[in-house]
Amino acid sequence: MNVFQYKFQGVYSLKDKDRTSLCTQSLTPGIRVYGEKLITLDDNEYRIWSTRRSKLSAAIKSGLSEMPIQPGSKILYLGAASGTTVSHCSDIVGDKGTIYAVEFSERTARDLIHLAAARSNIMPIVEDARHPTRYASVVAGPIEVVYQDVAQPNQADILYENLKTFCSFGAWGMLAIKARSIDSTSSLDEIYSKEIATLDNLGLQIVDNIDLNPLEKDHRFIVCRVSEDLK
Ligand SMILES: C[S@@+](CC[C@H](N)C(=O)[O-])C[C@H]1O[C@@H](n2cnc3c(N)ncnc32)[C@H](O)[C@@H]1O
């Protein structure tokens, strides 16, 4: 079994016989977050990063070219759920980074709060991502990356409102588009084109546009960048 640095800082590739998996180096050795496999090599513990449980892992495996989440990054994560992907982002950004993790379901947020108790770089926020001004007072900006996975009809607008509130020129947006949460009848291509046109019209430059099939059915993963002043 061997572990290699992947092309993105803080992301590793674990090779076991003919199987290769993504993983991150655990910030809290010995603790599983969602039942993931833990591997210890050379005194370091790695957590296997499931492509079936995390759209970010699926996007990396599907050929993501830009990974704005890096050691030391300050992230605003919208739609944190119980913290599966947030936990891997927490491993990546490390002690010098921060993740403001927004989740509006109080029940789901209980696990997130529990996760944050063991990881000092996660700040849980139980709020609605459609109203960034409600949590603006607890987010110490500027934010470098807004990650959005809320599975709501107006995903592009929610991303934009948060970028406008917390970010400036050069900041990144990462968006997991769930087509069937937006429109249950139009073709997938129509739905994705419309969301991407919305981002484009709002002045965001599309950097990556990745189909997550077959790892995540009917999902696209978009990376975009603030390339002009936000209106
Ligand atoms: C697909 S799940 C997120 C999975 C998570 N990103 C991961 O990879 O571990 C979507 C989450 O977004 C939350 N959500 C939906 N709308 C929201 C909103 N307006 N504000 C905050 N959270 C929201 C849901 O409660 C749900 O937990």
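Residues numbered from 1 in each chain as written. Predicted model: local features only at pLDDT ≥ 70, side-chain atom pairs only at ≥ 80, totals over all residues. Heavy atoms only, no water.

### Focus on the sheet that holds strand β8 (residues 122–125)
Piece 1. Here we have 7 strands laid out as an open sheet, ordered β8-β7-β6-β9-β10-β12-β11, and mixed in their pairing. Edge positions in the sheet fall to β8 and β11 (204–211), since each has one partner strand and no second. Across this sheet, the average inter-strand angle for adjacent strands is 15°, counted without regard to direction.
Piece 2. Alignment of strand β6 (residues 74–78) against strand β7 (residues 98–102), held across 5 bridges, turns out to be parallel. Bridging across to β7, Ile75 finds its partner in Ile99.
Piece 3. Packed onto the sheet, helix α3 (residues 106–118) meets β7 and β8 and runs at close to 155° relative to β8.
Piece 4. Across the sheet, helix α4 (residues 155–166) lies against β6, β9 (145–148), β10 (172–178), β11 and β12 (219–226), angled at about 160° from β10, the strand it touches most. (Pairing = 2+ DSSP bridges. Helix = DSSP H or I, 4+ residues; strand = E, 2+ residues; numbered from the N terminus. Axes fitted to C-alpha atoms, helices over the stretch in contact; angles between N-to-C directions. Contact = heavy atoms within 4.5 Å.)

### Notes on the domain arrangement of the protein chain
Piece 1. Partitioning the protein chain into structural domains gives domain 1 (2–51) and domain 2 (56–226).
Piece 2. Taking only C-alpha atoms, the centre of domain 1 and the centre of domain 2 are 22 Å apart.
Piece 3. Contacts between the two partners involve 21 residues from domain 1, matched on the other side by 25 residues from domain 2.
Piece 4. For the domain 1 and domain 2 pair, buried surface summed over both sides reaches about 1900 Å², with 63% attributable to carbon and sulfur atoms.
Piece 5. For domain 1, the biggest contributors to the area lost against domain 2 are Leu27, Trp49 and Thr51; these three give 34% of the whole.
Piece 6. Counting across the domain 1 and domain 2 interface gives 1 salt bridge. (Domains from an automatic or database assignment. Buried area = accessible area lost by both parts, 1.4 Å probe. Salt bridge = Lys/Arg side-chain N within 4 Å of Asp/Glu carboxyl O.)

### Digging into the pattern of salt bridges
Piece 1. Under the counting rule described, the total for this entry stands at 8 salt bridges.
Piece 2. In this structure, Lys55 and Asp149 form a salt bridge, with 3.0 Å as the shortest nitrogen-oxygen distance. Residue Lys55 is found in helix α1 (residues 55–61), and its partner Asp149 is found in the loop between β9 and α4; the two are separated by 94 residues along the sequence. Both residues of the pair, Lys55 and Asp149, count as buried.
Piece 3. For Asp91, the salt bridge is made with Arg119, and the minimal N-O distance between the two is 2.8 Å. With Asp91 in helix α2 (residues 84–93) and Arg119 in the loop between α3 and β8, the pair connects residues that are 28 residues apart, well separated along the chain. Accessibility assignment for this pair places Asp91 and Arg119 in one class, buried.
Piece 4. Connected through salt bridges with shared partners, the residues Glu36, Arg47, Asp91 and Arg119 form a single ionic network. (Buried < 20%, exposed > 50% of the residue type's maximum accessible area, 1.4 Å probe, protein only.)

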